[in-house]
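Per-entry structural report
Chain by chain, the residues run as shown.
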Amino acid sequence: IAEADALLVASPNGAGTTNALTALLPHIAGKGTVPNTTALVTAVAANGTLAEIQNMITACPVGGAAITDMTTAVARNAVTNTPNNIRALLLAVATLVRFNAMIATLNFFHHPLAAGGLPATITKWNTAVTQRASFNSWNHVLTRHTYNNFNFGAANVQQGFYAPGTAYAGLYAIIQPLINGLSDPQIANINLGNNVNTGGYRIGGGGANHWIPTIFPTGAAHQVISLAEANALNNLR
């Protein structure tokens, strides 16, 4: 009774509050306790309704400290991390582990770094000096494949990310040896417009034009983010 009373006190006043709590409580099973829910309602405060909190909880996978994890996410910034915005991310991910991993990326997303000076063009010729592969798409890689300087407006179906904190100097340190390590067949493939996968990175094919359009990491845990995840993260802080 004391726990239920504390939840009622934390809830917004108004007609229908008790009915809304009655509707909400069955959805916390396997996700947390009544005191956990009280903490969540307190964190949301005036930035969401009980119905929106219920919808958020319903969207959350069962297991672990689900309601506590949602509370932590809301508490980062209650104004932006509303129940509706948190729910959008929950619907975009498959597991609570993934949800927490995506919330952790907010330590880097929306925190742009000073990029530094634009690196020089990198070119690798084949042995016969008849074909080359060149890279100078630094701004594209910075704004499409780094956490700190990511342009959410240009998000694609999937995006691979370099490690958090990477800007131009870090990109050059990774990309320069990748280009210099290209073999003759790989250079030929790039000139045919074929992608080349090497060392955990994808080097985009340039086609008849020897310019490489993009280079990004592939496959590592949470370094690949879907469009639905990116769209949800755009509204969170």
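Note that the structure is predicted; figures quoted are calculated from it, not measured.

**Thoughts on the side chain of Thr214**
Inspection of the secondary structure puts Thr214 in the loop between strand E6 (211-212) and strand E7 (215-217). Accessibility expressed as a relative area gives 12% for Thr214, which makes it buried. A distance of 3.2 Å separates the side chain of Thr214 from the side chain of His140, its partner in a polar contact. Of the polar contacts made by the side chain of Thr214, one reaches the side chain of His145; its length is 3.3 Å. Not counting residues within four places of it along the chain, the set of residues in contact with Thr214 comprises Phe135, His140, Val141, His145, Arg202, Ile203 and Gly204.

**Re the packing of helix H3 (residues 34-44) against helix H5 (residues 66-76)**
Packing of H3 against H5 brings their axes to within 9 Å, and their N-to-C directions diverge by 15°. With respect to their mutual orientation, H3 and H5 come out roughly parallel. Our pair here, H3 against H5, has a crossing hand that is left-handed. Between H3 and H5, the residues in contact are Asn36, Thr37, Ala39, Leu40, Ala43 and Val44 and Ile67, Thr68, Met70, Thr71 and Val74, respectively. Partitioning the contact of H3 with H5 into residue classes produces seven nonpolar, four polar and no charged.

**Structural notes on helix H7 (residues 96-104)**
Turning to H7, its buried residues number three or more, namely Leu96, Arg98, Phe99, Ala101, Met102 and Ile103. Each element contacted by the buried residues of H7 is listed here: H5, helix H6 (83-92), strand E8 (224-226) and helix H11 (227-234).

**Observations concerning the nonpolar core**
Side chains of a nonpolar character, in soluble globular proteins, are inclined to be buried together. If you look at the biggest cluster of nonpolar residues, it comprises 38 residues, and the most contacted ones within it are Leu40, Ile53, Leu89 and Phe99. At the level of secondary structure, the elements contributing two or more residues to this core comprise helix H2 (17-24), H3, helix H4 (50-59), H5, H6, H7 and H11. Among all residues touching Ile53, those that are not within four sequence positions of it are Leu24, Leu40, Val41, Val44 and Pro83. Core analysis: the second largest hydrophobic core is formed by 21 residues, Leu171, Ile190, Val196 and Ile203 among them.

**Quick look at the sheet that holds E7**
Pairing within the open sheet is antiparallel, and its three strands lie in the order E4-E5-E7. In this open sheet, the two strands that pair with only one neighbour each are strand E4 (196-198) and E7. Here the strands of the sheet are splayed against their neighbours by 25° on average, with no regard to which way each runs.

**As for the packing of H4 against H6**
For any two helices packed against each other, the geometry comes down to the angle between their axes and how far apart the axes lie. Packing of H4 against H6 brings their axes to within 9 Å, and their N-to-C directions diverge by 15°. The pairing of H4 with H6 is recorded here as roughly parallel in orientation. Handedness of the H4/H6 crossing: left-handed. Counting all contacts with H4, which are made through Glu52, Ile53, Asn55, Met56 and Ala59, the residues of H6 involved are Pro83, Asn84, Ile86, Arg87, Leu90 and Leu91. Classifying every residue of the contact of H4 with H6 by side-chain character gives seven nonpolar, two polar and two charged.

**Digging into the sheet that holds strand E1 (residues 122-125)**
The sheet built from three strands is open, its strands ordered E1-E2-E6 with mixed pairing. Only two strands of the sheet have a single neighbouring strand rather than two, namely E1 and E6. For E1 and strand E2 (residues 132-135), the ladder comprises four bridges, and the chain directions are antiparallel. Considered in E2, the bridge of Ile122 is made with Phe135. Where helix H9 (residues 168-180) meets the sheet, it contacts E1, E2 and E6, and its direction lies at approximately 15° from that of E1. In the packing of helix H10 (residues 184-191) onto the sheet, the strands contacted are E1, E2 and E6, and the crossing angle to E2 comes to about 70°.

Calculation criteria
Residues numbered from 1 in each chain as written. Predicted model: local features only at pLDDT ≥ 70, side-chain atom pairs only at ≥ 80, totals over all residues. Heavy atoms only, no water. Helix = DSSP H or I, 4+ residues; strand = E, 2+ residues; numbered from the N terminus. Buried < 20%, exposed > 50% of the residue type's maximum accessible area, 1.4 Å probe, protein only. Polar contact = N/O pair within 3.5 Å; in protein donor to acceptor, adjacent residues only side chain to side chain. Contact = heavy atoms within 4.5 Å. Axes fitted to C-alpha atoms, helices over the stretch in contact; angles between N-to-C directions. Parallel < 35°, antiparallel > 145°, perpendicular 65-115°, else oblique. Left-handed = near helix turned anticlockwise from the far one by under 90°. Nonpolar A, V, L, I, M, F, W, Y, C, P; charged D, E, K, R; others polar. Core = buried A, V, L, I, M, F, W, Y, C linked by side-chain atoms within 4.5 Å. Pairing = 2+ DSSP bridges.

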